[in-house]
Number of protein chains: 2
Amino acid sequence: MGTREIKVYKDLMGANEKWAAKTRSLLAERQLSMLNIIGSPGCGKTALLEKTAEVYGGRVRLAVLEGDVETTRDAERLDALKIPTSQLLTGGACHLEAKLVHHALVDLPLEEIDVVIVENVGNLVCPAEFDVGETAKVAVLSVTEGEDKPLKYPLLFHEAGAVVLSKTDLMPHLSFDMESCIDFVRRANASAPVFQLSARSGDGIDAWIDWLSGIAGKE
Amino acid sequence: MGTREIKVYKDLMGANEKWAAKTRSLLAERQLSMLNIIGSPGCGKTALLEKTAEVYGGRVRLAVLEGDVETTRDAERLDALKIPTSQLLTGGACHLEAKLVHHALVDLPLEEIDVVIVENVGNLVCPAEFDVGETAKVAVLSVTEGEDKPLKYPLLFHEAGAVVLSKTDLMPHLSFDMESCIDFVRRANASAPVFQLSARSGDGIDAWIDWLSGIAGKE
């Protein structure tokens, strides 16, 4: 009796991972970087993108994929800044998945872009669980939310390649404990840079842009 | 040939709805009210409960079911106020489901309680989709989050029996447009009362407590 080869077919990766891998290949092929910005509703993600475009748009060609449950309000804010922007509506879902991001990505004028920024749905929980093929996740936490959030929502802070503590111009009016907050971030993530900044005043934006330049390979 | 009766078995309600219905029956039997408080991370849900306990705890017997992804920090804050408090940890899930709430509810000393307040996981999206058997949902939106959130996350505001606009003491430092915000709430919900309040300063707390008294049948 001879040996018989038994072929085993196995779905080694789920659908989301497959689309994320396709996106990662496309980014590598095109030498593009893609950030996945995650934070609570109203933590200042769009304001950070607006300020980034204002300060950095002349040096690097940005595009934005704007994730929302409903409305095109944020996409309109960014489109007004002349950044190529597409709106990704989840239709009720609380996070972006890789397939939707991939389809929006391939429709962008990729030859005219260096960095794609994905603004995820406002949510500290679920978006952290879904790889969309990004180069790095960025966690945004507003100081108005309180310093304990990295303890209460550790996965996002663990997954983040950078942490932004936003709206620091409001610090004088809050009892936010910055030292404790950074300590709580460190319990989830030993190495990610932590940027304290205000998109409104511009304080701290330069360090964020320097990091972004490193990600974009445009230092 | 006679007629043959064909029995059709159908799961008319999903598991979540069954547990929610059990909870609703228990609340009715015990003449209890239960609120389901929903809002973003750091919008001031726990601070609202602390202030409510301080102002209202002498008049009505409160208990709290505290939902979080991780940690018992919020439960400890409320327990310090001598309110019966149980911690509900979702273990990664972004919302509370009815079964977990039901099990925690039956373990409370119900004969010593008038109103149970469930503080959901910090999230504007998913908790709005899950009935936990509550008497009413309460949407909490901090003015630091921006006035457009009722447009971007309409389901919660649609489902809410009351809307709290919190942290109004920070209004002088923000560009928050209160009139537009209330207009946006009204597009999702024609009738729910809207309370503008600050748990820190106490401004607006009385109207909230009056509404809560009505829910509790203790006017």
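Residues numbered from 1 in each chain as written. Chains lettered and ligands numbered in written order. Predicted model: local features only at pLDDT ≥ 70, side-chain atom pairs only at ≥ 80, totals over all residues. Heavy atoms only, no water.

Undergrad: So what's going on with the overall build of chain A? Residues and values would help.
TA: A count of helices and strands for chain A gives 8 helices and 7 strands. Here the C-alpha atoms of chain A give a radius of gyration of 19 Å, agreeing with the 17 Å that 2.2 N^0.38 yields for 219 residues. Its C-alpha atoms give chain A principal-axis dimensions of about 80 × 40 × 35 Å. At a minimum sequence separation of 6, the contacts of chain A that also span at least 24 residues come to 72%. In the form shown here, chain A has an accessible surface area of approximately 9800 Å², with 49% of it arising from carbon and sulfur atoms. Taking the 23 positively charged and 33 negatively charged side chains of chain A as two groups, their mean positions are separated by 5 Å. (Helix = DSSP H or I, 4+ residues; strand = E, 2+ residues; numbered from the N terminus. Rg over C-alpha atoms; globule rule 2.2 N^0.38 Å. Contact = heavy atoms within 4.5 Å. Areas by Shrake-Rupley, 256 points an atom, 1.4 Å probe, with all protein chains shown as cover. Lys, Arg positive; Asp, Glu negative; His and termini not counted. Charge placed at Lys NZ, Arg CZ, Asp CG, Glu CD.)

Undergrad: Which residues make up the confidence of the model for chain A, and what are the values?
TA: Close inspection of predicted coordinates is inappropriate in any region flagged by low pLDDT. Averaged over all residues, the pLDDT of chain A is 93; the fraction at 70 or higher stands at 93%. Here the predicted complex carries an ipTM of 0.88, next to a pTM of 0.91. (pLDDT = per-residue confidence, 0-100.)

Undergrad: How would you sum up the relation of the copies chain A and chain B? Please name residues and give values.
TA: For the pair chain A and chain B, the superposition axis carries a translation of 0.0 Å, the fit reaches an RMSD of 0.0 Å, and the rotation angle comes to 180°. These values place the two chain copies in the arrangement generated by a two-fold rotation axis. A shared interface surface links the copies, since 100% of the contact residues of chain A are contact residues in chain B too. (Least-squares fit on C-alpha atoms with pLDDT ≥ 70 in both.)

Undergrad: Break down the environment of Phe184(B) for me, with residues and values.
TA: Tracing the backbone shows Phe184(B) in helix H7 (residues 178-188). When sequence neighbours within four positions are dropped, the list of residues in contact with Phe184(B) reads Arg73(A), Glu147(B), Asp148(B), Pro150(B) and Leu151(B).

Undergrad: Tell me what's going on with the sheet that holds strand S4 (residues 115-119) of chain A, and back it up with residues and numbers.
TA: Residues and elements named next belong to chain A. Reading across from one edge, S3-S2-S4-S1-S5-S6-S7 is the order of the 7 strands in this open sheet, with parallel pairing throughout. Either end of the sheet is taken by a strand with one partner, and the two such strands are strand S3 (85-89) and strand S7 (194-196). On average, adjacent strands in this sheet sit at an angle of 20° to one another, irrespective of strand direction. Here strand S5 (residues 136-142) pairs with strand S6 (residues 162-166) via 5 bridges, running parallel. Residue pairing across strands places Val140 opposite Val164, the latter belonging to S6. (Pairing = 2+ DSSP bridges. Axes fitted to C-alpha atoms, helices over the stretch in contact; angles between N-to-C directions.)

Undergrad: Now, about the interface of chain A and chain B: what can you tell me, with residues and values included?
TA: Across the contact, 34 residues belong to chain A and 34 residues belong to chain B. The three residues of chain A that bury the most area against chain B are Pro41(A), Arg73(A) and Lys152(A), which together make up 22% of that side's buried surface. Inspection of the region where chain A meets chain B yields 6 salt bridges. Here Asp68(B) makes a salt bridge to Lys152(A), at a shortest N to O gap of 3.4 Å. Within the residue set of the side of chain A that touches chain B, elements represented by two or more residues are helix H3 (73-79) and helix H5 (149-152) of chain A. If you tally residues by element for the side of chain A that touches chain B, the top one is H5(A), at 3 residues. Looking at side-chain class alone, the side of chain A that touches chain B contains 14 nonpolar, 9 polar and 11 charged residues. (Buried area = accessible area lost by both parts, 1.4 Å probe. Salt bridge = Lys/Arg side-chain N within 4 Å of Asp/Glu carboxyl O. Nonpolar A, V, L, I, M, F, W, Y, C, P; charged D, E, K, R; others polar.)

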